[in-house]
Each structure stands twice: as structure tokens, then as C-alpha cells.
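# What the coordinates show
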Amino acid sequence: MDRRQFLLGTAGAGALAAGGYGLWRAADSGRAGRDPIELQVRETSYTFGADRPETAGLVSLADGAPPPVLRLKQGQPAHLRLVNALPDYTTMHWHGIRLPNAMDGVPYLTQFPVGEGEAFDYVFTPPDAGTYWYHPHCMTMRQMAQGLTGILVVEEAEDMGFDADVPLNLKDFRLGDDGQLLPYFTPRGAARGGTLGNVLTTNWQVSPVEDVPAGGLVRLRLAATDTARIYQLVLPDVPGRIIAWDGHPVREEVPWPTADAPLALSPGQRVDVALRMPDADGVELAVVARLGFGQQDMVRLRTAGASLGRHMREVPVLPANPLPVPDLAKAEMQELVFGWTPDGSGADNGLCGTFGYSFWSIDRTPWPGDAVEGVGPVATLKLGRSYVLRLRNESPNAHPIHLHGLVFTPIRSNRRTLATNPTDTVLLQRNEVIDVALVADNPGDWAFHCHVIEHQKTGLAGYVRVV
Ligand SMILES: [Cu+2]
């Protein structure tokens, strides 16, 4: 079905999505009769600390609380029913999960926007374990700024034997003195590195304290779900190791960050860290974000109880995910250029929101909008073939480039040595060219965009077709 047929066929799609379609998928995957996990998107209010007024107009899946950590099992079918209780359209995207195209949550490309009072059933079986996340892909700028981002953990089939598992959702809010949300985006921010928030939170808390077992092995799951900020992180000075990057167990070591060389975690990226906590009770250690001026503890880990006496050598080697291996000898190269192409017209995103202007482009063409018919893919890949995509950043800004539905591996950069770990989101620094290798093993139209949402929504978006 092409985009035009899809648009023509949408009259009944909402009802189908709410009723038969998802249930048919569930039955098809052998899970009929098991209840779906219901995720109700709703407005809520919340207080970001005792010294602040309550903030209204937030969006979550829970009342007075951040969107929950969702936990699925590798290789087991999941059925997530999105119910929209907002007076606005939405969809949900499962960032980094390799799933059927129809479950990917991209408006007009893979589904119709979900209206107020409507539902959509997302049914898929996550093939890969690891740390992923979810966020809307319709009214993305507004709803993410309002808080609708959450961590999605896909647990390994076997218990990995950590003494604590701590998901940490890093996300800024942009609040005025009255505690209320400031405008979600600015033309100045959209034209540069994005509009940064002024309240840095972890799981919607400012510098929260997490109790973890003394002498224990702790797995941190850090996810950068902000719309703009590239976090510069320094990890506690204890024995530890980076065990997974963007969901997948690392193949090549990622250096332990230091104050001089912090770990850059850009919008959309995740890192899993194993730490061996000190033996004494009541010791506090921080994960620190270094800022332009000063720094902030993103979380304080506090040891509790008698030492468990664990050893770093007991940290398991995470089992490799079943990823396809690109055949570099046969891979065809395609180049994609990310650049600055200002344009007074905004994208036509139908029911999913527009800024009214464009600044950015792929191959010098700003994305005309999710709802525009007849827009072709930025690349067409043959199913099952290997490719090298040359990602060329012609702009002086950094862009975390995200590809849906497929996993790719950065293999070289013109500016630095890269760890060649499989990913779904790679940070292209200013004027950087990175070659990434992939196997086009998942058919469909896969959104491909910058994860600085102000860049995505002002032109730096497109899709890759796998047929
Ligand atoms: Cu960008």
C-alpha cells in the first residue's frame, strides 16, 4: 500500500485500530485471550521539587507521576494498547525496537494519528534484549516537552544476576518562575542546537537519591529522552564497565568517562552501566552531568545494608542479540547529506502539528511533512542486502540521526575513532561524515530523522524504504 492509498484508506482506520486490527494481530501471534497492557495517554500535573509550584499541563501515562518503565521479555509477544485521553492526536513509537512496520507508530507513514477517545493496539515480539524507550511521533514536540517519554526495558531471557536494576530517564523541562511550561520550541533554538530546558530531571526528579545494595552489582540504564540536550556524563569513580550501548551489548569497549572526557549521550541514546558499589553503608555516589556552567548530579546512588561482597568479575557478559551481520564486501554505498536549507514554509503534518517554517534538510530537501502525499524515500534498499550509508553532516550543528526498524553499525568517521557498536541513533558532530553498515532485513517504510525534535520538525526528516 503506498502513501496515497494509505491516506485514502484511513476513513475506517481509527475504528479498525481500536477494535479488530490489533486483536487480529494478537490472535495471529498466539496471544489471544491475554489482556493487553493498557497505556492511557493523559494530562496531569506534577511538582518538580518542594521549592517549586505545581506544574500543570504535563502529559503522562499515569496521574501525578512520570510515564512508567515498561518491562517486556525478549522473544515474548507484547500487546500494548494505547488509549488516547488527550484532547489532541498522538501515536506511540518504540525507539530502537525492531518490529513490524505497522507497529512503528509513525503517523501517515505506518498508521493514522490516534484521536481523542481512540485506541491503537501495538503488538510485537521484541527480538532484542536491552534498554529502549517510547515517545509519541505525532504532536511530538509538544507532548515530549510535556513529559511523554518513558524507558522500555526488554529483559534477557535469563536473569543477568545484578543486585539492582536502575532505569534513569534523563529529560529536561522548560519552566517559568511560576512553575508552568514555557514555549516548547523557539525559532532561535530550532535554527541552532535546539531549545534547552532549565530543569534537568531524572525520572522527573531533580537529583534523586536511589538506594542500592552496598557491595552489590548495579545495572544503570541511562536513557537520554530530552528533545534537545546532549548530556555530558561522568560516572561514579568505582569499579565499573559500560556493558551495552543503545540497547545492544557492546562489542567494542566504550571508554569509561572522566571529567575531562565525559560520555556524550545524545537525544534518543541509551547506555547500560555495571557498577560495583562500595562496601560501606550510606555512601553516596553521583552520575554527574557537566553543563556549560557547572554541573548537576543527575542521580545519587546511596549504598544500603551489609555488603553483598560482589566482584566485578561476576558481571555477566550480556548475551548477543540476534542481529544480522552486514557483508561489507558486497555492500552498496548510498550517501545522505544533512544540511541547512531554510525555507519559509512549514511541514504539512496533517493532524500532528507543524512549526510553520523549515531550516534543515536531507539531501537539500526539507521534509515537506508527514501528511504530504507522494513524497518518496531518501533511500530505497533491497530486502536482505547489505549497505553502507555515508551520513554527511554539512552543518555546524550536531545531529543525533535515528533510523527506525533497523540496526546499523558505525564503521568509520572522518573526525574521530568510533566504537563500532550496533545502534539505532548515531551522533553526527559538526561537519562529520560517518559511514554506517546495515542489513536491510526488515521490510517497510522506516522513519529516518534527527532526534533534536526542533530539527526533525523543521525539515531534518525522511524515510528509508526496504522492499
Ligand atoms: Cu539535528
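Nothing here was measured: the structure is a model prediction, and the numbers come from that model.

### Here we look at the nonpolar core
Note on soluble globular proteins: their nonpolar side chains tend to be buried together. Met92, Trp94, Tyr122, Phe124, Phe338, Leu391 and Phe448 are the most contacted members of the largest nonpolar core, which totals 61 residues. When sequence neighbours within four positions are dropped, the list of residues in contact with Met92 reads Val41, Leu61, Leu82, Asp104, Gly105, Tyr122, Tyr134, His135, Pro136 and Leu148. Among the nonpolar cores identified, the runner-up in size contains 29 residues, and Leu220, Tyr231, Leu235 and Val273 belong to it.

### Section: the pairing of strand 8 (residues 150–155)
With five of six residues buried, strand 8 is to be regarded as a mostly interior element. Looking at chain direction, strand 3 (residues 70–73) and strand 8 are connected through four bridges and run parallel. Bridge pairing in strand 8 links Lys73 to Glu155.

### Here we look at the state of the cysteines
In the structure shown here, the tally under the stated rule is one disulfide. Here Cys138 pairs with Cys352 through a disulfide, and the sulfurs are 2.0 Å apart. In this structure the cystine formed by Cys138 and Cys352 twists about its S-S bond by roughly -95°; its chirality is therefore left-handed. Residue Cys138 is found in the loop between strand 7 (130–135) and helix 4 (140–145), and its partner Cys352 is found in the loop between strand 20 (332–343) and strand 21 (358–362); the two are separated by 214 residues along the sequence.

### Observations regarding the pattern of salt bridges
Where charged atoms of side chains with opposite charge meet at close range, the side chains can pair. Tallied over the entire structure, the rule returns 28 salt bridges. With a closest N to O distance of 3.7 Å, Arg270 and Asp246 form a salt bridge. With a gap of 24 residues between them, Arg270 in strand 17 (residues 270–276) and Asp246 in the loop between strand 14 (240–245) and strand 15 (248–249) connect regions that are remote in the sequence. Exposure remark for Arg270: the relative accessible area of 0% places this residue in the buried category. A salt bridge links Arg270 to Asp424; its shortest N-O distance comes to 2.8 Å. Remark: Asp424 occurs in the loop between strand 25 (408–413) and strand 26 (425–428) and Arg270 occurs in strand 17; sequence separation between them is 154 residues.

Quick notes on the rules
- Residues numbered from 1 in each chain as written.
- Predicted model: local features only at pLDDT ≥ 70, side-chain atom pairs only at ≥ 80, totals over all residues.
- Heavy atoms only, no water.
- Core = buried A, V, L, I, M, F, W, Y, C linked by side-chain atoms within 4.5 Å.
- Buried < 20%, exposed > 50% of the residue type's maximum accessible area, 1.4 Å probe, protein only.
- Contact = heavy atoms within 4.5 Å.
- Helix = DSSP H or I, 4+ residues; strand = E, 2+ residues; numbered from the N terminus.
- Pairing = 2+ DSSP bridges.
- Disulfide = S-S within 2.5 Å.
- Salt bridge = Lys/Arg side-chain N within 4 Å of Asp/Glu carboxyl O.

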